[in-house]
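# Architecture and fold: a report
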Amino acid sequence: MEFSTEDIISLIKESQKRTIVVALIKGEIKTDARNFSYGDLNILIDEYEKIEEVIKTQKVDDYFFLSNHRNSAIPLLDYTSINARIEPGAVIRDMVEIGDNAIIMMGAIINIGAKIGSGTMIDMNTVVGGRAIIGDNCHVGAGTVIAGVIEPASAKPVVIGDNVTIGANAVILEGVEVQNGAVIGAGSVVTKDVLENTVVVGSPARAIKNREEVVENKISIVSELREM
């Protein structure tokens, strides 16, 4: 499904902001919150305000909250139906598309409306902004930032083609198109479109040679890593 910037802004604006918490409560309580009770130990999972009301109005001996967000507009993606490898510590918002056999490494952040192609690796601590599109069999190096187009709003998202290799800590600005087979050098800042099979480096990035001139083992994709 395609999302425009306006679609996402409207969705966030109109969404019910939620603060879901896990509360460990010791005491005799009655509640319609989701409750897993073991004697006088209750594990409640629900909106903070509902659980707070229980604590204020009922016989509670002790309690402890676990929470990692506040007034969140968009939930996280449900991973259970995704045919990809998603490592612990990745943060992926709802309405993100992830292709078969993709790899999302620890610390990666992928925002709403982004698309990750089949067999693509998003390496550690990479940020993929809202509505960014990344093709099949790419490698996006650790610490890379691929700009989103939610704020500031932009009509055109980042589009990265198939078989693209991006070195660590690169930055690709909003609206840029990186065509199939391109190679982005580590630490490069890409401000303009990159042509097919072109190698670019620097800040701002500039073309220096063709992909055929790069030693293959520096850009090769390891298929064994993408097997489920």
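One structure accompanies this document, and this report is about it. (Residues numbered from 1 in each chain as written. Predicted model: local features only at pLDDT ≥ 70, side-chain atom pairs only at ≥ 80, totals over all residues. Heavy atoms only, no water.)

## As for the overall build of the chain
Regarding its fold elements, the chain presents two helices and 23 strands. Expected size for 228 residues packed as a compact globule is a radius of gyration near 17 Å; at 22 Å, the chain overshoots this value by more than 25%. Viewed in the frame of its principal axes, the chain has a C-alpha envelope of about 70 × 40 × 30 Å. Going through the 228 residues of the chain one by one, you find that 39% of them count as buried. Taking contacts inside the chain between residues at least 6 apart in sequence as the whole, the part at least 24 apart equals 31%. Summing over all exposed atoms, the chain offers an accessible surface of approximately 12,300 Å²; the carbon and sulfur share of this is 52%. (Helix = DSSP H or I, 4+ residues; strand = E, 2+ residues; numbered from the N terminus. Rg over C-alpha atoms; globule rule 2.2 N^0.38 Å. Buried < 20%, exposed > 50% of the residue type's maximum accessible area, 1.4 Å probe, protein only. Contact = heavy atoms within 4.5 Å. Areas by Shrake-Rupley, 256 points an atom, 1.4 Å probe, with all protein chains shown as cover.)

## Some words on the nonpolar core
Ile 98, Ile 104, Ile 116, Ile 134, Ile 160, Ile 172 and Val 178 are the most contacted members of the largest nonpolar core, which totals 33 residues. Aside from chain neighbours lying at most four places away, what touches Val 178 is Val 159, Ile 160, Gly 161, Val 164, Ile 172, Ile 184 and Val 194. (Core = buried A, V, L, I, M, F, W, Y, C linked by side-chain atoms within 4.5 Å.)

## Remarks on the sheet that holds strand E9 (residues 109–110)
The parallel open sheet is built from six strands, whose spatial order is E6-E9-E12-E15-E18-E21. Across the chains shown, the open sheet's two edge strands, defined by having one partner strand only, are strand E6 (91–92) and strand E21 (189–190). Relative to strand E18 (residues 171–172), strand E15 (residues 145–146) runs parallel, the two sharing two bridges. The residue of E18 that forms the bridge with Ile 146 is Ile 172. (Pairing = 2+ DSSP bridges.)

## Some remarks on the side chain of Ser 15
Topologically, Ser 15 is positioned in the loop between helix H1 (5–14) and strand E1 (20–28). Overall, the relative accessible area of 17% leaves Ser 15 in the buried class.

## A few points about the pattern of salt bridges
This model, assessed by the stated rule, comprises six salt bridges. A salt bridge links Lys 56 to Glu 52; the shortest N-O distance between them is 3.8 Å. Of the two residues, Lys 56 and Glu 52 both sit in helix H2 (residues 48–57), four residues apart, roughly one turn of that helix. Judged by relative accessible area, which is 61%, Lys 56 ranks as exposed. Taken together, the shared-partner salt bridges in this structure form one network comprising Asp 32, Asp 46 and Lys 50. (Salt bridge = Lys/Arg side-chain N within 4 Å of Asp/Glu carboxyl O.)

## Details of the layout of surface pockets
Which parts of space are left empty comes out when a probe the size of a water molecule is rolled across the atoms. Quantified by volume, the largest pocket comes out at close to 270 Å³. Surrounding the largest pocket, Arg 18, Ile 20, Asn 68, His 69, Ser 72, Ala 73, Ile 74, Pro 75, Leu 76, Val 91 and Arg 93 form its lining. Taken together, the residues of the lining of the largest pocket break down into six nonpolar, three polar and two charged. If you add up the space inside the second largest pocket, you get close to 200 Å³. (1 Å grid on protein atoms, 1.4 Å probe; cavity = no way out; pocket = protein on both sides within 12 Å on 5 of 7 lines; lining within 4 Å. Points joined across faces, edges and corners; volume = space filled by probe spheres on them. Nonpolar A, V, L, I, M, F, W, Y, C, P; charged D, E, K, R; others polar.)

## A closer look at H2
Here H2 has its buried residues at Ile 51, Val 54 and Ile 55. Down the axis of H2, the smallest arc covering the buried residues is 95°, so these residues share one side. Turned more than 90 degrees away from the buried face of H2, the exposed residues are Lys 56 and Thr 57. In this structure, the buried residues of H2 make contact with E1, strand E3 (41–47) and strand E4 (59–66). (Arc of directions from axis to C-beta.)

Just geometry here; none of it tells us what the structure is for.
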